[in-house]
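Below, each chain spelled out in residue letters.
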Amino acid sequence: MSTKKKKDDMPAIKVSKPTSNVKLTTSKEEVSSNVLKAPQISIVTGKPYGPRIRRVGEQIEEQSSDDEPDSESDDESRFIKDEMNAEVPAEFWHMQKLIKYMKAGNQTATTVALCLLKDYELGSRVIQRSIYEMGGLEVLVNLLETKELKCQHGSLAVLLQISSALEMRRHLVDLGIVTPLIELLKHPARDIQVLTVETMANIAMMKKARKQIRMRGAVPFILDIMDVPDKVIQRKAKDLDENDKELLAVAIGCAKVLNSLSSSPKIKEELRKNGAVFLIARFLKSQITELIVPMMGAVQQCADLKVFRLAFENMEIIIDIVRHLENDDVKLKENCALAIFKCAVNKVTRDMVREAGGLDPLCKLVQDKEVYANKKLLAAVSGAIWKCAMSPENVSRFNQNNLVAALVPLLGENENEDVLANVVGALAECCKNPTNRDLLRTSEGLPKLIKLFSATYEPLLENLPLVIGECAQNELCMDVINDAKHQLDGVRLVWSLLKHSSDAVKRNASFALVPCIRYAKNSAEMVRAFVGGLELVVSLLESQDTQVLSAVCATIAEIATDPENLGILTDHDVVKKLADLVHTEDEKLRANLTLAIAFCCEWGQNNYEFGRLNAVAPLVNYLLSPNKEVLKGVCIAFCHLSKEPSNCITMRTCGVVKHVLRLVGSEDSEVQIAAATTIRHIRKLALTAEKFHYKEIHTLAETDYRK
């Protein structure tokens, strides 16, 4: 009977969770427990491949601060336990021997072992884990530092496949793979360079690796080796000779590295300083999709920074982005749409997209039913449409493509949250055009929008009040929004957003309430019907956000047009809270605050209270503002405040008359009337005082004469 162990009797793989100090575990036939306690020396490299001691420099890197957010790749799920519990494949035991030969064999044995190892399914989690637990990763990393070309090539070929897994990337970074990879970038062999940059692109998905690459000054060198001649990148791959194809492969690998590195804000700054924009401008003129896709990925990530957005405009990179939007590659379309989404916050970019013919492809994509299945692409395209719609000229072009009707089907409650937020934002911009409000209503879009108020996604809740506020200016749309019969009750839902924790949501909801209150039927009764609604509005005047304060003041100015509602606001101490805001320097807040003060004067002693609380004199400084909205608001405020004699005295003492006289010549008829009325009130008080003073003097004189 043979003494050889059967496969079923072999020891099971140890799958315990690895610690930060990597523990090498393998079968008892290969090494003894005493060997495991100390680092082992590779015959090939002459270097230890056991538990690695971190250098002082690496400890400093660990302690250095980095403001880079965690990337999506860092949040991937850990190994799937079901796969680890699956039956061990027969090839595992063959691979175990290969690892043994890699550790203890000579150069030839190591090279052969690497070649054989590449033939295994290295993408399998079980195989990857077994390589790690048997100490194979340490050997592979150490082989990168040898002078043997075949060993380096074989090791890189294996590492390229292994590094596609998140957990393997983590272990490799802990083992110090970044340093040898940076050194291999200088290797004269092109095939080594290609494998190096491809592997580095995988490793750079880790935040820790990106930090090491940046701190070790590798970014300028990566840009240098990818700076290939124009003839390589501007011709088709099939037209290149072997040497140019190798240069192209290096450039493609470097583009992938930049795509991975560009998630770091500090590396983006490094790229800017080292002239990456000029490389981008050259590379995007290429016809080679494999090169453009990762480069466009770097572009859309760099577009987070304003300095890059301006550079893309100046270098006319926006035109190339629009051109590649019609490429057949799905990932390239997604990156192009994301780049437009981020860059189109600038009007110049929006105009460039329109002039380059980019609006029509965006409309075609959002109307393509096949795109609906790809939520990332749909979110990117809808986001680009949203930002482009901020220009009225672009909305006119969108209308020619029947965009509003095409966006309505995307308002389903089960749709992706990012898609919903972008679609609602686009509708809010499009509905600034009165024609589109009717289109949205006839397309049954309003009920779908109102149902979305039950969502919790903050960007979506920021945009929903905006589109409701625009549609509320249409009488028929307002009837749908506030249709209690069909349980839509849109105004109540908008009002409920005033309780949200986000300042942006509260601001947009407050602004949306202004047209809702103005155009709703029986709006005064509707407002009073909201239990605690008026108290909630007044309480927001204690916010620390000036934009929220500005929006709330606009809402209060609209509510205060009804005397009964104004009385309730007064009971909640609205006068004092408004008076406390008069020293603000914010122009938007000044414009809405003055209107709120003006309309709140029309109840009881409120007019006198504003004067008593010293809210009149600071308003005189508002008359020096170049902002027409501020001048209009303060002029209307003085018109109402001047009905109180004590306020007239304060206003005249502070020199209001000369400024109001100037505003009588305003082009705005409302400002003219308010200014003239203010002068009339002040002059009337002055005449009364003069008349009283004259009577008093005449009486005294007559008394003296009689004496």
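Nothing here was measured: the structure is a model prediction, and the numbers come from that model.

Conventions and cut-offs
Residues numbered from 1 in each chain as written. Predicted model: local features only at pLDDT ≥ 70, side-chain atom pairs only at ≥ 80, totals over all residues. Heavy atoms only, no water. Helix = DSSP H or I, 4+ residues; strand = E, 2+ residues; numbered from the N terminus. Contact = heavy atoms within 4.5 Å. Disulfide = S-S within 2.5 Å. Axes fitted to C-alpha atoms, helices over the stretch in contact; angles between N-to-C directions. Parallel < 35°, antiparallel > 145°, perpendicular 65-115°, else oblique. Left-handed = near helix turned anticlockwise from the far one by under 90°. Nonpolar A, V, L, I, M, F, W, Y, C, P; charged D, E, K, R; others polar. Buried < 20%, exposed > 50% of the residue type's maximum accessible area, 1.4 Å probe, protein only. Patch = residues over 30% accessible without salt bridge, like charges linked within 9 Å, V, L, I, M, F, W, Y side chains within 5 Å. Areas by Shrake-Rupley, 256 points an atom, 1.4 Å probe, with all protein chains shown as cover. Salt bridge = Lys/Arg side-chain N within 4 Å of Asp/Glu carboxyl O. Lys, Arg positive; Asp, Glu negative; His and termini not counted. Charge placed at Lys NZ, Arg CZ, Asp CG, Glu CD. Expected span 1.5 Å × (residues − 1). Polar contact = N/O pair within 3.5 Å; in protein donor to acceptor, adjacent residues only side chain to side chain. Phe/Tyr/Trp six-rings, centres within 6.5 Å; stacked < 30°, edge-to-face > 60°. Lys NZ or Arg CZ within 6 Å of the ring centre and 35° of its normal. pLDDT = per-residue confidence, 0-100.

Caption draft 1: Quick look at the overall build of the protein. When helices and strands are counted, the protein shows 44 helices and 0 strands. Restricting to contacts in the protein with at least 6 residues of sequence separation, those with at least 24 account for 74%.

Caption draft 2: Expanded view of the state of the cysteines. One pass over the structure, following the stated rule, counts 0 disulfides. Note on cysteine 553: no disulfide assigned, nearest cysteine sulfur contributed by cysteine 600 at a separation of 8.9 Å.

Caption draft 3: Looking closely at the packing of helix H18 (residues 289–302) against helix H21 (residues 330–343). For the pair H18 and H21, the least separation of the axes is 8 Å and the interaxial angle reads 20°. The orientation of H18 with respect to H21, classified from their angle, is roughly parallel. Both H18 and H21 take part in a crossing whose hand is left-handed. On H21, the residues touching Ile292, Val293, Met296, Gly297, Val299, Gln300 and Gln301 of H18 are Lys331, Leu332, Asn335, Cys336, Leu338, Ala339 and Lys342. Counted by class, the contact of H18 with H21 contains 8 nonpolar, 4 polar and 2 charged residues.

Caption draft 4: Up close: helix H17 (residues 276–283). Of all 8 residues that make up H17, 6 are buried, and the element is covered over most of its length. Within H17, the full set of buried residues consists of Ala276, Val277, Leu279, Ile280, Ala281 and Phe283.

Caption draft 5: Spotlight on a negative patch on the surface. A cluster of like negative charges, contributed by Asp191, Asp241, Glu242 and Glu246, occupies part of the molecular surface. On the secondary structure map, glutamate 246 appears in helix H15 (residues 242–261).

Caption draft 6: Molecular detail of the packing of helix H20 (residues 317–324) against helix H22 (residues 347–355). In contact at an axis separation of 9 Å, H20 and H22 are set at 45° when each is read in the N-to-C sense. Judged by the inter-axis angle, H20 sits oblique to H22. The handedness of the crossing between H20 and H22 is right-handed. Every residue of H22 that contacts H20 at Ile318, Ile319 and Val322 is listed here: Thr349, Met352 and Val353.

Caption draft 7: Summary view of helix H33 (residues 503–519). In this model, H33 (17 residues) spans 25 Å end to end at C-alpha, consistent with the 24 Å of a helix rising 1.5 Å per residue. Counting buried positions over the 17 residues of H33 gives 12, a clear majority of the element. Those residues of H33 not exposed but buried are Ala504, Val505, Lys506, Asn508, Ala509, Ser510, Ala512, Leu513, Val514, Pro515, Cys516 and Ile517. On its buried side, H33 packs onto helix H30 (458–471), helix H31 (475–481), helix H32 (490–496), helix H34 (523–529) and helix H36 (546–559). Sitting at the head of H33, serine 502 places a side-chain oxygen 3.3 Å from the backbone nitrogen of alanine 504.

Caption draft 8: Spotlight on the packing of aromatic side chains. What the rule picks out here adds up to 3 aromatic pairs. The ring of tryptophan 386 is capped by lysine 387, whose NZ or CZ atom sits 4.0 Å from the centre of that ring.

Caption draft 9: Highlighting unusual backbone geometry. Non-glycine residue glutamate 316 carries a positive phi angle of around 55°. Turning to its location among the elements, glutamate 316 is positioned in the loop between helix H19 (306–314) and H20. For glutamate 316, a relative accessible area of 45% translates into the label partly exposed. Although it is not a glycine, asparagine 614 sits at a positive phi angle of roughly 60°. Relative to the helices and strands, asparagine 614 is located in the loop between helix H40 (606–612) and helix H41 (628–641).

Caption draft 10: Geometry of the pattern of salt bridges. Under the counting rule described, the total for this entry stands at 32 salt bridges. A salt bridge links arginine 492 to aspartate 489, with the nearest nitrogen and oxygen atoms 2.7 Å apart. A relative accessible area of 21% places aspartate 489 in the partly exposed class. Several salt bridges converge on common partners, so that one network encompasses Asp227, Asp230 and Arg282.

Caption draft 11: Geometry of the confidence of the model for the protein. Taken residue by residue, the protein gives an average pLDDT of 83. The fraction at 70 or more is 83%. Per-element averaging of pLDDT across the protein places helix H1 (residues 33–36) at the bottom with 31 and H36 at the top with 96. When the criterion is pLDDT under 50, residues 1–60 qualifies, and its contacts beyond four places in sequence or with other chains add up to 89 contacts. Below a pLDDT of 50 lies the segment residues 71–86, which in the model reaches 29 contacts outside its immediate sequence neighbourhood of four places, other chains included.

Caption draft 12: Inspection of the environment of leucine 271 at higher detail. Structurally, leucine 271 can be placed in helix H16 (residues 265–273). Taking the C-alpha atoms as reference points, leucine 271 and cysteine 302, separated by 31 residues in sequence, lie 9.1 Å from one another. When neighbours within four sequence positions are excluded, leucine 271 is seen to be in contact with Val219, Leu223, Leu258, Ser262, Ala276, Cys302 and Phe308.

Caption draft 13: Structural view of the side chain of threonine 349. Following the sequence through the fold, threonine 349 ends up in helix H22. Its relative accessible area of 1% is what places threonine 349 among the buried residues. Of note is the side chain of threonine 349, whose polar atom sits 3.3 Å from the backbone oxygen of cysteine 343. Those residues in contact with threonine 349 that lie beyond four places of it in its chain are Glu313, Ile318, Cys343 and Ala344.

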